[in-house]
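The chain contents come next:
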Amino acid sequence: MRKEIAKLLETGQEATARIRVEHIIREEKMMAAQEIVELFSELIAVRLPIIKAQRYSFFSQLNILGSNLQS
């Protein structure tokens, strides 16, 4: 890809070279963003059972408190 861009610059096609470079930069940013989304997805998948357990525990405690208040 660098050789192609160098040839474009050598032949005076700066606008085309700039467009190609912008495209490469955009692709690199998109790949980095996709990697971040993938990492967060994996993190959520790993922690979801923990979150569910904490939620269940929290609501169980609320039910116990509610039944104690009604007594």
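See the structure above.
Before going into details, it helps to say that this report is about the structure given with it. Predicted, not measured: the structure shown is a model, and the values here were computed from it.

As for the overall build of the chain
- Along its length, the chain carries two helices and zero strands.
- Considering the chain as a whole, with its 71 residues, one finds that 4% of them fall into the buried category.
- For the chain, the computed accessible surface area is about 6,800 Å², with 62% contributed by carbon and sulfur atoms.

Focus on the pattern of salt bridges
- Counted under the stated rule, the structure contains one salt bridge.
- Salt-bridge contacts for Glu 4 lead to Arg 20; the nearest nitrogen and oxygen are separated by 3.3 Å. On the criterion of sequence distance, the pair formed by Glu 4 in helix α1 (residues 2-10) and Arg 20 in helix α2 (residues 14-70) is long-range, its members being 16 residues apart.
- Residue classification places Arg 20 among the partly exposed positions, given a relative accessible area of 34%.

Observations regarding a nonpolar patch on the surface
- On the surface, Ile 36, Phe 40 and Leu 43 cluster together into a nonpolar patch covering about 290 Å² of accessible area.
- With respect to the helices, strands and loops of the structure, Phe 40 is situated in helix α2.

Focus: the environment of Val 21
- Along the polypeptide, Val 21 turns up in helix α2.
- C-alpha separation for the pair Val 21 and Arg 2, spaced 19 residues apart in sequence, amounts to 9.2 Å.

Reading the values: rules and limits
Residues numbered from 1 in each chain as written. Predicted model: local features only at pLDDT ≥ 70, side-chain atom pairs only at ≥ 80, totals over all residues. Heavy atoms only, no water. Helix = DSSP H or I, 4+ residues; strand = E, 2+ residues; numbered from the N terminus. Buried < 20%, exposed > 50% of the residue type's maximum accessible area, 1.4 Å probe, protein only. Areas by Shrake-Rupley, 256 points an atom, 1.4 Å probe, with all protein chains shown as cover. Salt bridge = Lys/Arg side-chain N within 4 Å of Asp/Glu carboxyl O. Patch = residues over 30% accessible without salt bridge, like charges linked within 9 Å, V, L, I, M, F, W, Y side chains within 5 Å.

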